Amino acid sequence: GGAGERGDVNHEPDRAVGHMGLPGARVMRPRCWGAAVLSGCVMFLSMRHGGGLSLWVQAAAASVVFWWCGWLFIGRWWRSLVERDPNMFTLIVTGTGAAWIYSAGVVLGGGDGPVYFETAAVVTALVLLGQILEQRAHARTGEALRGLMELRPATARRVLADGREETVAAGDVAVGDLLRICPGERVPADGVVESGAGDVDESMLTGEPAPAVKRAGDMVSAGTLNLATGGFLERVTGTGEATLLAQIIRLVREAQESEAPAQRVADRVAGVFAPVVFAVASAAFAAWWIWSGEVSRALLYGIATLVVACPCALGLATPLAVVTGVGRGAREGILVKSAAALERLAAARTVLVDKTGTLTLGRPRVSGVFPEAGAGAEELLGLAAAAEAGSGHPLAVAIVEEARRRGLAVAAAADFRAEPGAGVRAVVGGRQVVVGRAADADGTGAFGAATLAEVSVDGKRLGIIALEDEVRGDAERAAGELKKLGARVVIVSGDREACVASVAGRLGIDEWYAGVSPVGKMELVKKFRSTGCVVFAGDGLNDAPALAAADVGVAMGTGAAVALDSASVVLMSGGVGGLSKTLRLGKVVLRNIKQNLFWAFFYNGLGVPVAAGVLVPLTGWAMSPMLAGAAMSFSCLCVVGNALRLKRVRL
């Protein structure tokens, strides 16, 4: 509706409460039917120009329509006056109320003069119909969110300690429970596969159509579907609001309820719109009264101006586009945390991309162990694994896995400390072990494009561990699509120059920065922001400062928790291919907002002067209040329909 009025898109159209604070269609529908029948009777009697009893019947029928069928609008009209917040109901009820009061005065005064009961009745009926149609269309924007909610199964199969199974409500599942997930069933809670295997459809969470193979040790999320290929046992790690699905639903809801910068502009316009329309309607009334000398004719033009200028379309233009866009993104595994971020994406000039875990799979493997003279490869790898065991960084995980693969015992470490972008340090067997990034050891490039981890013990370098990571299959296509969207793509990595240059060359990216610390990444973001809107994409702990400093931070859903918290957009699939979809989503949503605002202003810019009677001296044609009401409803439905197109847009 009017200034600052937006509703909850998650209500079903037939629920008791709808958007804009009005009751839902279930409450309004009988009033709409009553208004339609009674207003039809009023129109029929008014066309016969009967007096006496006919006037009293018109008065009675119009009074029921205005006061009972339209009581919902009268309540909002009164609130707008008390709160000094003019909105669409301020204009509509003032116009229809003026028609009813004037006509009632004529009837009570003896019936000498024209009456406009049909105006009060028909406009009220049209507004009721428009609100019902609008609510049904508005409710469709929440389908993505409702689809996520419906993923949660109602029951679960809990395996007891003695091996027996029992069916329990999903809400009764607790952390630590063992659940059996059979083929064709949805996962009731977050957990880890304890035994068995299955192909799990995660498309509603990640947007990826291909099922993910889940085996022992793999994480599974509530709401995902185990396809008919095998079953598994799941140890529950998260339930209720702690599940990934619940967090996604919360993020989508918060984003849909947030306000875009364009909406603040629309709100400011709508805030002054009603007073301006009242001034125009008053001027039209005064001018036509003076010009024609007929107060009834002047009243007709004033009422039509008030009705046609309803700012409903203006109030819906931005929030509907945002709600639909956020839902569309959620279906693709793109979680936008705020409407402002969605709007800023459309203006992205530069995309800074981290390498490890973003352009690469983030699952590096050890390709070589190079100890210094006098040291052994097993000692080097064992100490490094012991120090890295407390870190979840992909390089650390690869070192630990390689040590275990070789059958080495990973000793317990003390005083573990991780320094983002620098490495880790810990005390292993009384010795101070430091594992950090290293440059090419001999300066000849002998290590190729491998990432190098330097291991030092008690301040003395013990050797180098080389690791290689695989470039994501969709990275090259994503880089090309980002360029087509007009974005400048730059790789920013803490890795050494040879490794970063190799990845950049494979992906056709001309600009890259190597050996950049977390603070350095943040400074680069600030530098590029001077040239326009900057998007930073990353997944690690060391990316958090840059993600927070960027105009839009995009985190991979498989990344560190602090990265997810710092970002304003999360790609649930973890694939960089979602970056181009994210930028395209921002562009199409902003374009849709601009289209909606254009149509809202166009309708009002055209309708207000026509309703005020500017065409009468030229063509003799005047817009009746009933036609004004129909035009107002049509303008709102046009905006709603245009916003709903986002549900089908290709990303």
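To be clear, the structure that these remarks concern was listed above.
Residues numbered from 1 in each chain as written. Predicted model: local features only at pLDDT ≥ 70, side-chain atom pairs only at ≥ 80, totals over all residues. Heavy atoms only, no water.

**Student:** Even after reading the chapter, I still don't get the side chain of Asp495, so can you show me in this structure?
**Tutor:** Positionally, Asp495 belongs in the loop between β18 (488-492) and α17 (497-507). For Asp495, a relative accessible area of 2% gives the class buried. Side chain to side chain, Asp495 and Thr451 meet in a polar contact 2.3 Å long. When residues no more than four places from it in sequence are discounted, the contact partners of Asp495 are Lys355, Arg437, Thr451, Val500, Ala514 and Gly515. (Helix = DSSP H or I, 4+ residues; strand = E, 2+ residues; numbered from the N terminus. Buried < 20%, exposed > 50% of the residue type's maximum accessible area, 1.4 Å probe, protein only. Polar contact = N/O pair within 3.5 Å; in protein donor to acceptor, adjacent residues only side chain to side chain. Contact = heavy atoms within 4.5 Å.)

**Student:** Looking at this model, I keep getting lost on the environment of Ala487. Mind explaining?
**Tutor:** Locating Ala487 in the fold gives a position in the loop between α16 (475-484) and β18. In this structure the C-alpha to C-alpha distance between Ala487 and Arg349, which are 138 residues apart in sequence, comes to 5.0 Å. If near-sequence neighbours (up to four positions away) are discounted, Ala487 is found in contact with Arg349, Val351, Leu482 and Leu583.

**Student:** Even after reading the chapter, I still don't get the side chain of Thr96, so can you show me in this structure?
**Tutor:** Within the secondary structure layout, Thr96 lies in helix α4 (residues 88-108). Those residues in contact with Thr96 that sit more than four places away from it in its chain are Phe66, Thr119, Ala120, Val123 and Thr124.

**Student:** Explain the pattern of salt bridges to me, please; I cannot follow it from the model alone.
**Tutor:** Opposite charge on two side chains permits pairing when their charged atoms draw close. Summed over all chains, the structure comprises 21 salt bridges. As a salt-bridge pair, Glu372 and Arg461 come within 3.2 Å of each other at their nearest N and O atoms. Of this pair, Glu372 sits in the loop between β12 (365-371) and α14 (377-388) while Arg461 sits in strand β17 (residues 460-468), and the two are 89 residues apart along the sequence. A residue is classified by how much of its surface remains accessible, and Arg461, at 30% relative accessible area, is partly exposed. For Arg488, the salt bridge identified is with Glu511, shortest N-O distance 2.7 Å. (Salt bridge = Lys/Arg side-chain N within 4 Å of Asp/Glu carboxyl O.)

**Student:** Which parts of the structure should I look at to understand the sheet that holds strand β19 (residues 511-513)?
**Tutor:** Picture the strands of a sheet paired through backbone hydrogen bonds; they go either parallel or antiparallel. Overall, mixed pairing links the seven strands, which are arranged β10-β22-β21-β20-β11-β18-β19 in an open sheet. The open sheet terminates on both sides in strands that have one partner only, identified here as β10 (334-336) and β19. Each strand of the sheet is rotated relative to its neighbour by a mean of 20°, with strand direction disregarded. Pairing of strand β20 (residues 533-538) with strand β21 (residues 552-556) involves four bridges; the strand directions are parallel. The residue bridging Ala537 from the neighbouring strand is Val554, located in β21. Sitting on the sheet, helix α18 (residues 518-529) touches β11 (348-353), β18, β19 and β20, and the angle it makes with β20 is about 155°. Along the sheet face, helix α21 (residues 578-611) touches β10, β11, β20, β21 and β22 (569-571) and points at about 45° away from the line of β10. (Pairing = 2+ DSSP bridges. Axes fitted to C-alpha atoms, helices over the stretch in contact; angles between N-to-C directions.)

**Student:** Help me understand the state of the cysteines in this model?
**Tutor:** Among covalent bonds in proteins, the disulfide is the one between the sulfur atoms of two cysteines. Applying the stated rule across the entire model yields zero disulfides. Cysteine Cys32 remains unbridged, with the sulfur of Cys69 as its closest cysteine sulfur at 8.5 Å. What makes Cys32 buried here is its relative accessible area of 11%. (Disulfide = S-S within 2.5 Å.)

**Student:** It is not clear to me how the sheet that holds strand β2 (residues 165-169) should be interpreted in this structure. Could you clarify?
**Tutor:** Strand order across the open sheet formed by six strands is β2-β1-β3-β9-β4-β7, with antiparallel pairing between neighbours. The open sheet has two free edges, formed respectively by β2 and β7 (219-220), since each of these has just one partner strand.

**Student:** It is not clear to me how the packing of helix α10 (residues 295-308) against α21 should be interpreted in this structure. Could you clarify?
**Tutor:** When two helices pack together, their arrangement is given by the angle between the helix axes and the distance between those axes. Two elements in contact, α10 and α21, have axes whose closest approach is 8 Å; the angle formed by their N-to-C orientations is 170°. One element, α10, and the other, α21, form an angle in the roughly antiparallel class. Contact residues: α10 offers Tyr301, Ala304, Thr305 and Val308, while α21 offers Asn604, Gly607, Val608 and Ala611. A class-by-class count of the residues in the contact of α10 with α21 yields five nonpolar, three polar and no charged. (Parallel < 35°, antiparallel > 145°, perpendicular 65-115°, else oblique. Nonpolar A, V, L, I, M, F, W, Y, C, P; charged D, E, K, R; others polar.)

**Student:** Please explain the nonpolar core as it appears in this structure.
**Tutor:** Grouped together as the largest cluster of nonpolar side chains are 49 residues, with contacts concentrated most on Phe73, Trp100, Phe117 and Leu128. Within the second largest apolar cluster, 45 residues are counted, among which are Val351, Val535, Val576 and Leu597. (Core = buried A, V, L, I, M, F, W, Y, C linked by side-chain atoms within 4.5 Å.)

These results come straight from atomic positions and should not be treated as a statement about function.
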